[in-house]
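Letter by letter, the chains look like this.
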Amino acid sequence: MSAIDLNADLGEGFGRWRLTDDEQLLSVVTSANVACGFHAGDAVTMRRVCELAAERRVTIGAQVSYRDLAGFGRRAMDVPPAELAAEVAYQIGALEVFARAAGSRVAYVKPHGALYNRVVHDERQARAVIDGVLLADATLPVLGLPGSLLLELAARAGLPAVTEAFADRAYTEEGTLVPRGEDGAVLTDPEAVVERSVSLARSGTVTARSGRPIEVRARSLCLHGDTPGAVELARRVRARLESAGVRVEAFA
């Protein structure tokens, strides 16, 4: 039987503003990528999400980002490597306080937004992220795109490199994500997202935007929490995976 983890970006609010239905999504997913205050999230939100995740035995991951609250971490930035490494370690450490207070721990790291896309090809930025992870905890798995420099450097550094796929994002033939600013970058048909999830979990394949099937081998599947109907869609994905004989479980 094949197995896959379901992860979602959570805690993406700030103050009175909330973007995701954290409580409901935590009843479906097996891993929570918690915003650490740089693209979204604040101390109160981080603490609340960690407590909810611990109650539901959902694995907690640190979703690290460029320091870009106004742009939700989706704007390209050039951050000096030493500064970026320190900021990655800072974010992990902040979340770890709340995870441990809730009786859990930070179990992995995933970059967010522009940083996630940058470290697929940019060696200096990818190495800075890995240096930040090593500074915080030299045992933490790193979650990223298959074939990315980030995962290659993580493996070289002795960190577990965990591959991830996206059920609701369009892919290029090279296996990278189509930029969000382009038409068709985000899939909106719920049934298409569900079918793609099963295909990714069972055969490791997905149809690129060009129509050509490509291989995307992933241990974790990301379900975005900021799309309309995200909770119900997540439930449908999990139910279909389990009915297809796929074991849904955390990777860490």
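That block above? That's the structure.
Residues numbered from 1 in each chain as written. Predicted model: local features only at pLDDT ≥ 70, side-chain atom pairs only at ≥ 80, totals over all residues. Heavy atoms only, no water.

Undergrad: Where do I start with the overall build of the protein chain in this structure?
TA: Along the backbone of the protein chain there are eight helices and 10 strands. In the protein chain, 72% of the contacts between residues at least 6 apart in sequence involve partners at least 24 apart. For the protein chain, the computed accessible surface area is about 10900 Å², with 50% contributed by carbon and sulfur atoms. For the protein chain, the separation between the mean place of its 29 positive charges and that of its 33 negative charges on side chains is 3 Å. (Helix = DSSP H or I, 4+ residues; strand = E, 2+ residues; numbered from the N terminus. Contact = heavy atoms within 4.5 Å. Areas by Shrake-Rupley, 256 points an atom, 1.4 Å probe, with all protein chains shown as cover. Lys, Arg positive; Asp, Glu negative; His and termini not counted. Charge placed at Lys NZ, Arg CZ, Asp CG, Glu CD.)

Undergrad: Looking at this structure, I do not really get the side chain of Gln-63. What am I missing?
TA: Along the chain, Gln-63 turns up in strand β3 (residues 59-64). Of the residues examined, Gln-63 reaches a relative accessible area of 1% and is grouped as buried. Here Asp-9 takes part through its side chain, which lies 3.2 Å from a polar atom of the side chain of Gln-63. Beyond its immediate sequence surroundings of up to four residues, Gln-63 is in contact with Asp-9, Glu-12, Asn-33, Val-34, Ala-35, Cys-36, His-39, Gln-91, Lys-110, Pro-111 and His-112. (Buried < 20%, exposed > 50% of the residue type's maximum accessible area, 1.4 Å probe, protein only. Polar contact = N/O pair within 3.5 Å; in protein donor to acceptor, adjacent residues only side chain to side chain.)

Undergrad: Teacher, can you tell me more about the packing of aromatic side chains here?
TA: Each aromatic ring pair is specified by the distance between its two centres and by the angle formed by the two planes. Evaluated as defined, the whole model comprises three aromatic pairs. Pairing Phe-38 with Tyr-90 gives two aromatic rings, centres 6.0 Å apart and planes at 45 degrees, and the pair type is tilted. With a gap of 52 residues between them, Phe-38 in the loop between β2 (31-35) and α2 (43-55) and Tyr-90 in helix α3 (residues 81-101) connect regions that are remote in the sequence. With relative accessibility at 56%, the residue Tyr-90 sits in the exposed group. Considering the side-chain rings of Tyr-116 and Phe-166, the 5.7 Å spacing of their centres and the 90 degrees angle between planes classify their relative orientation as edge-to-face. Placement of Tyr-116 in helix α4 (residues 113-121) and of Phe-166 in strand β6 (residues 161-166) is noted, with a sequence separation of 50 residues between them. Considered together, Tyr-116 and Phe-166 belong to a single accessibility category, that of buried residues. (Phe/Tyr/Trp six-rings, centres within 6.5 Å; stacked < 30°, edge-to-face > 60°.)

Undergrad: How should helix α8 (residues 230-243) be read in this particular structure?
TA: Within an α-helix, residues lying three or four positions from one another point in the same direction, as the helix has 3.6 residues per turn. For α8, with 14 residues, the first-to-last C-alpha span of 20 Å sits near the 20 Å given by 1.5 Å per residue. Listed in full, the buried residues belonging to α8 are Ala-230, Val-231, Leu-233, Ala-234, Val-237 and Leu-241. On an axial view of α8, the arc spanned by its buried residues comes to 165 degrees, and they lie on one face. Tucked into the core, α8 has its buried residues touching β1 (3-10), α1 (22-25), α7 (190-203), β9 (220-222) and β10 (247-248). Directly after α8, the chain includes Gly-245, whose backbone phi takes a positive value near 85 degrees. (Expected span 1.5 Å × (residues − 1). Arc of directions from axis to C-beta.)

Undergrad: Explain the packing of helix α5 (residues 123-136) against helix α6 (residues 149-156) here, please?
TA: A packed helix pair is summarised by two numbers, namely the angle formed by the two axes and the spacing between the axes. Two elements in contact, α5 and α6, have axes whose closest approach is 9 Å; the angle formed by their N-to-C orientations is 45 degrees. With respect to α6, the axis of α5 lies oblique. Crossing of α5 against α6: the hand is right-handed. Along its contact with α5, which presents Glu-123, Ala-126, Arg-127, Val-129 and Ile-130, the element α6 presents Leu-149, Leu-150, Leu-153, Ala-154 and Arg-156. (Axes fitted to C-alpha atoms, helices over the stretch in contact; angles between N-to-C directions. Parallel < 35°, antiparallel > 145°, perpendicular 65-115°, else oblique. Left-handed = near helix turned anticlockwise from the far one by under 90°.)

Undergrad: Whenever I open this one, the side chain of His-112 confuses me. Can you help?
TA: With respect to the helices and strands, the residue His-112 is situated in the loop between β4 (106-111) and α4. The contact partners of His-112, leaving out residues within four places of it in the chain, are Glu-12, His-39, Gln-63, Val-64, Ser-65, Phe-72, Gly-73 and Arg-74.

Undergrad: Would you mind going over unusual backbone geometry with me for this structure?
TA: Leaving glycine out, the prevailing phi sign among residues is negative, and the prevailing peptide bond configuration is trans. Of note, the phi angle at Arg-57 is positive, near 60 degrees, even though the residue is not glycine. Structurally, Arg-57 can be placed in the loop between α2 and β3. In the Ramachandran plot, Phe-72 falls in the positive-phi region, its phi being about 55 degrees despite a non-glycine side chain. Relative to the helices and strands, Phe-72 is located in the loop between β3 and α3. According to the relative accessible area criterion, Phe-72 is buried, its value standing at 13%.

Undergrad: What should I look at first to understand the nonpolar core in this one?
TA: If you look at soluble globular proteins, the nonpolar side chains tend to sit buried side by side. In this structure, Leu-26, Ile-92, Leu-95, Val-133, Val-237 and Leu-241 are the most contacted members of the largest nonpolar core, which totals 74 residues. No other element matches α3, which puts six residues into this core. Residues within four places of Leu-95 in sequence aside, it is in contact with Val-34, Cys-36, Met-46, Cys-50, Ile-60, Gly-61, Ala-62 and Val-106. With five residues, the next largest nonpolar core counts Ala-107, Leu-143, Val-162 and Phe-251 among its residues. (Core = buried A, V, L, I, M, F, W, Y, C linked by side-chain atoms within 4.5 Å.)

Undergrad: Help me understand the environment of Glu-249, please; the structure alone is not making it clear to me.
TA: Summarising the element assignment, Glu-249 is placed in the segment after β10. Taking the C-alpha atoms as reference points, Glu-249 and Asp-137, separated by 112 residues in sequence, lie 23 Å from one another.

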